[in-house]
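Each chain, written out:
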Amino acid sequence: MKKPKIVSLLLSGVLACGVSAVFAWGTWGHTHINKGAILALPKEMGMFFFNHSDFITEESTVPDIRKHTINDKAEGTRHYIDLERYGYKTRAEMPRTMDEALAKYGKDTLNKYGILPWYIQDMMVKLTDAMKNKRKTEILFLAADLGHYIGDAHMPLHTSINHDGQATGQEGIHAFWESQLPDMYGNSYRLYGSDVHYIADIEKATWDIIDSSHRLVATLLRVEDKMRRDNPEDKQYVMGPDGKPKKNKYGSPIHATEYAHVYHELLNGMVERQMRLAIEHTADFWYTAWVNAGKPDLTVLDPEYITERNKPIYSEEEKAFKAGKIRGFRVDKDFQ
Ligand SMILES: [Zn+2]
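Computed from a predicted model, the values in this text were never measured in an experiment.

## Structural notes on the packing of aromatic side chains
Now for step 1: Across all of its chains, the model carries 14 aromatic pairs by this definition.
Now for step 2: Residues Trp-25 and Trp-177 carry aromatic rings whose centres are separated by 5.4 Å and whose planes lie at 55° to one another, so their mutual orientation is tilted. Taken together, the residues span a long stretch of sequence, with Trp-25 in the loop between α1 (2-12) and α2 (26-40) and Trp-177 in helix α10 (residues 173-185) at a distance of 152 residues. Taken as a pair, Trp-25 and Trp-177 share a single burial class, namely buried.
Now for step 3: Connected via pairs of aromatic rings, a cluster forms that spans Tyr-86, Tyr-88, Tyr-105, Tyr-113, Trp-118 and Trp-207.
Now for step 4: In this structure, Lys-43 packs its charged tip against the face of Tyr-314, placed 5.3 Å from the ring centre.

See the structure below:
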């Protein structure tokens, strides 16, 4: 009896709440997704990406900086899709492209309810075009940003109106799942899944990601909801001297170590799996853009000595990645 009540509250907009307080995947997650995707590429195209792995790795969090720090109004809607708001049942009823979505719902609705899958498709078109024309800066910028949005699409709560558990009394679960847990456990994750695949149908691949992410929403909420009922507040959170849950630098409550541990166990590898898939799919999308662009040799865009200098480091990092470790950069943790 509980569920319909929640849905009706959601639909009435009573609990509508800005997405702006929420980061996606956190710094650890996004940087590792983009760096991992570089190392998953086949060598013929991966060399150019590796030459620029610093840029692509750092740029992975820039879309969130545009949203939160620069307060770019056009940015927010690209990071999520509130499927419930669109009355989502199956993808067949959803507009296939951004133009169709605009025609069906209008700009204001898209701005409110999110455009993530359509934006990914648009970025793919632009990236393919940039590769075709060998426009170096555009390739790097678009590829890195695309990695961010594909990463977001693997975070289940980016597909739901209940994006921070605000409709179910679970505020803070978003950053808990995508940022605190990877900060705590990410170094033990196996993030190499498989070699790249060519994507024959981008639209289908995009919705496959959105669908499978969305199917995880109920589980990740239900598991924590039960834990929340079973544990008093001082067992759920690290408590501050004022007797309230302590917050991290972004204002998200810090969950207690034991609580985080149990939640992570009960999720049964969900966070690790979603990160691994985000890496795999980011590499697949980049690879597909490159194939569709006619497999251009992108290393001609770099001085030869840079490529020569990086070759042995690339081989080493690729080997380490396939053995389970992503190396080559340091990252600040969001939850200290
Ligand atoms: Zn994002």
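## Let's talk about the nonpolar core
Side chains of a nonpolar character, in soluble globular proteins, are inclined to be buried together.
Now for step 1: Membership of the largest hydrophobic core comes to 86 residues, with the highest contact counts inside it found for Phe-49, Trp-118, Tyr-263, Phe-285 and Trp-286.
Now for step 2: Sort the elements by how many residues they give to this core and helix α15 (residues 270-292) lands first, with 11 residues.
Now for step 3: Each residue touching Trp-286, except ones within four places of it in the same chain, is listed here: Asn-34, Ala-37, Ile-38, Leu-41, Met-45, Phe-49, Ile-56, Leu-127, Met-131, Ala-143, Leu-146 and Gly-147.

## Structural notes on the pattern of salt bridges
When charged atoms on two side chains of opposite charge get close, those side chains can pair.
Now for step 1: Going through the model one piece at a time under the given rule, you end up with 22 salt bridges.
Now for step 2: We note a salt bridge from Asp-145 to Arg-66, for which the minimum N-O separation is 2.6 Å. Here Asp-145 is found in helix α9 (residues 136-153), whereas its partner Arg-66 is found in helix α5 (residues 62-68), with 79 residues between them in sequence. In this pair, the class of Asp-145 matches that of Arg-66, namely buried.
Now for step 3: Across the salt bridge formed by Arg-135 and Glu-138, the nearest N and O atoms sit 3.2 Å from each other.
Now for step 4: Of the residues examined, Arg-135 reaches a relative accessible area of 33% and is grouped as partly exposed.

Scoring rules and cut-offs
- Residues numbered from 1 in each chain as written.
- Predicted model: local features only at pLDDT ≥ 70, side-chain atom pairs only at ≥ 80, totals over all residues.
- Heavy atoms only, no water.
- Phe/Tyr/Trp six-rings, centres within 6.5 Å; stacked < 30°, edge-to-face > 60°.
- Helix = DSSP H or I, 4+ residues; strand = E, 2+ residues; numbered from the N terminus.
- Buried < 20%, exposed > 50% of the residue type's maximum accessible area, 1.4 Å probe, protein only.
- Lys NZ or Arg CZ within 6 Å of the ring centre and 35° of its normal.
- Core = buried A, V, L, I, M, F, W, Y, C linked by side-chain atoms within 4.5 Å.
- Contact = heavy atoms within 4.5 Å.
- Salt bridge = Lys/Arg side-chain N within 4 Å of Asp/Glu carboxyl O.

The values are spatial; any link to function lies outside them.
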